[in-house]
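Reading the structure
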Amino acid sequence: MKPKATLKQIAIDLGVSVSTVSKALSDSPEISVATREKIKEFAKLRNYKPNSMAQNLKRQRTNTIGVIIPNILNPFFAKVFSGIEKYANDKGYNVITYISNESIEKEKQAMHMLSNGTVDGFILSIAEQTQIQNEMSHFKEAIKDGVPIVMFDRISDSVDCDKVIVDDYDSAVHATQHLITTGCKRIALLTCDASLSVSQLRANGYYDTLKENNITVADELVILTDTIEEFDEKLTHLINDISFDGIFALDEHASTLAMKLAVKKGIKIPDELQMVGFADGAWSRRLTPSLATISQHGPQIGAEAAKLLIDRIEKKAEKNKYKTTVIKTELRYRDSVKKPN
């Protein structure tokens, strides 16, 4: 491997000042095009590599973003991360990822580890445990210390920061209305993530749409739990013992298990039972029958979150004036629902 040259060595070899070399390599208009090209070519031949640490110290930035995701196995979060990483990389930023696994302690640990000059800011979706306990002090402390945060999907209104959300309420209204319009009269509402802010918004959309259509909410058709074990037990009872003709599932586990149990019982989908779920992973297309879903456009959410954070880091955003961006969702019709007329 060739030894790496320094700015000083290049300057001596070319008979110019260190400042001239530095400006040329930074494409400064103070240096003529011919001189810039000459110095760049020589630096390349001499295997010159810029000292990124020194550059970052000079800029007082690391050009690194911390991303905290609750569950990497969830296809939605994986899609959001892909959008974050692509936008950040295109803008010259690196990404450090931390998985909270829905734990408030792991979330706090990540914030503590990365806030000490390791990253310029955070993009995160709040852990389930954090939302249940309504403990937001670690976010507020980071912002108070000058570390910008952008929240996406699962957010807190009590934290002043930039946010990217989807139209959870409106998308729930759209999905529920579609089931009603295509003939459903008894629609079940299912989730094992009842405490999440997004689940509450989606549930409200369901309730309001039933009311708008003069349909009384049937308590026996509503399963809102925070544990998979309790949910599975209640759903098994619902499928086997209660009559209904529609399902609106607010999370991946709920929609997948409901489809599995309904098919196992021999219920004809969509003739006897229609189903709509949230998140648009590959599994929804591969199920038999395929599952109609609300697509949340994860990569777009990630790119917008990265843009907001980088604008904040680079002082392009107005200080203390935060922005909430709403990404529109899309109901993707598949075999589990009847098509609209």
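Just so you know, these numbers come straight off a predicted model, no measurement behind them. (Residues numbered from 1 in each chain as written. Predicted model: local features only at pLDDT ≥ 70, side-chain atom pairs only at ≥ 80, totals over all residues. Heavy atoms only, no water.)

Some remarks on the side chain of Arg36
Assignment of secondary structure puts Arg36 in helix α3 (residues 33-45). When near neighbours in sequence (up to four residues on either side) are disregarded, Arg36 contacts Ala24, Asp27, Ser28, Pro29 and Ile31. (Helix = DSSP H or I, 4+ residues; strand = E, 2+ residues; numbered from the N terminus. Contact = heavy atoms within 4.5 Å.)

A few points about the sheet that holds strand β11 (residues 324-327)
One open sheet accounts for six strands, arranged β2-β1-β3-β4-β5-β11; its pairing is parallel. Only two strands of the sheet have a single partner each, and these edge strands are β2 (94-99) and β11. Strand-to-strand, the axes of this sheet are offset by a mean angle of 15 degrees, without reference to chain direction. Pairing analysis gives four bridges linking strand β1 (residues 64-69) to strand β3 (residues 121-124), with the strands arranged parallel. (Pairing = 2+ DSSP bridges. Axes fitted to C-alpha atoms, helices over the stretch in contact; angles between N-to-C directions.)

A closer look at the pattern of salt bridges
A side chain with one charge may pair with a side chain of the opposite charge, provided their charged atoms come close. Under the defined criterion, the tally for this structure stands at 14 salt bridges. Between Glu230 and Lys234 there is a salt bridge whose closest N-O contact spans 3.0 Å. Note that Glu230 and Lys234 are positioned in helix α11 (residues 228-241) at a spacing of four residues, about one turn of the helix. The network of salt bridges with shared partners includes Asp27, Arg36 and Lys40. (Salt bridge = Lys/Arg side-chain N within 4 Å of Asp/Glu carboxyl O.)

Considering the nonpolar core
In terms of nonpolar packing, the biggest core is built from 25 residues, with Leu190, Leu235, Leu238 and Ile247 touching the most fellow members. With residues near it in sequence (within four places) discarded, Leu235 still touches Leu190, Ile223, Ala254, Leu257, Ala258 and Leu261. Counting 24 residues, the second largest nonpolar core, distinct from the first, contains Val67, Ala88, Ile313 and Ile327. (Core = buried A, V, L, I, M, F, W, Y, C linked by side-chain atoms within 4.5 Å. Buried < 20%, exposed > 50% of the residue type's maximum accessible area, 1.4 Å probe, protein only.)

Here's the deal with the sheet that holds strand β9 (residues 274-278)
Strand order in the open sheet formed by six strands is β7-β6-β8-β9-β10-β12, with mixed pairing between adjacent strands. Looking at the sheet topology across the chains shown, the edges are occupied by β7 (222-224) and β12 (330-332). Neighbour-to-neighbour, the strand axes of this sheet turn through a mean angle of 15 degrees, independent of strand direction. Packing against the sheet, helix α10 (residues 197-212) makes contact with β6 (187-191), β7, β8 (246-249) and β9, and its axis sits at approximately 170 degrees to β6.

Some remarks on the packing of helix α5 (residues 75-90) against helix α14 (residues 298-313)
One way to put it is that α5 packs onto α14 with a least axis distance of 6 Å and a crossing angle of 45 degrees. By the angle between their axes, α5 is oblique relative to α14. As α5 packs across α14, the resulting crossing turns out to be right-handed. Contact residues: α5 offers Phe76, Lys79, Val80, Ser82, Gly83, Ile84, Tyr87 and Ala88, while α14 offers Gly298, Pro299, Ile301, Gly302, Ala303, Ala306, Lys307 and Ile310. Across the contact of α5 with α14, the residue classes break down as ten nonpolar, four polar and two charged. (Parallel < 35°, antiparallel > 145°, perpendicular 65-115°, else oblique. Left-handed = near helix turned anticlockwise from the far one by under 90°. Nonpolar A, V, L, I, M, F, W, Y, C, P; charged D, E, K, R; others polar.)

Points about the environment of Asp226
Along the chain, Asp226 falls in the loop between β7 and α11. When the C-alpha positions of Asp226 and Asn341 are compared, they lie 37 Å apart, and in sequence the two are 115 residues distant. In contact with Asp226, not counting residues within four places along its chain, are Glu128, Cys192, Asp193, Ala194 and Ser195. Among the polar contacts listed, one links the side chain of Asp226 to the backbone nitrogen of Ala194, at a separation of 3.1 Å. In terms of polar contacts, Asp226 uses its side chain to reach the side chain of Ser195, at 2.5 Å. (Polar contact = N/O pair within 3.5 Å; in protein donor to acceptor, adjacent residues only side chain to side chain.)

Some details on the environment of Asp232
Relative to the elements of secondary structure, Asp232 occurs in helix α11. Taking relative accessible area as the criterion, Asp232 reaches 25% and is therefore assigned partly exposed. For the pair Asp232 and Cys192, spaced 40 residues apart in sequence, the C-alpha to C-alpha distance is 8.7 Å. Among residues more than four places away in sequence, those in contact with Asp232 are His253 and Leu257.

Focus on the environment of Ser195
Here Ser195 shows up in the loop between β6 and α10. Relative accessible area serves as the criterion here: at 21%, Ser195 is assigned to the partly exposed category. It is 59 Å that separates the C-alpha atoms of Ser195 and Glu41, two residues lying 154 residues apart in sequence. When near neighbours in sequence (up to four residues on either side) are disregarded, Ser195 contacts Gln131, Ile132, Gln200 and Asp226.

Thoughts on the packing of aromatic side chains
In this structure the tally under the stated criterion is four aromatic pairs. With a centroid separation of 5.3 Å and an interplanar angle of 55 degrees, the aromatic rings of Phe76 and Phe77 are classed as tilted. Neither Phe76 nor Phe77 differs from the other in exposure class; each is buried. Through successive ring pairs, a cluster of aromatic residues spans Phe76, Phe77 and Phe152. Just above the ring of Phe278 sits the side chain of Arg202; from NZ or CZ to the centre is 3.6 Å. (Phe/Tyr/Trp six-rings, centres within 6.5 Å; stacked < 30°, edge-to-face > 60°. Lys NZ or Arg CZ within 6 Å of the ring centre and 35° of its normal.)

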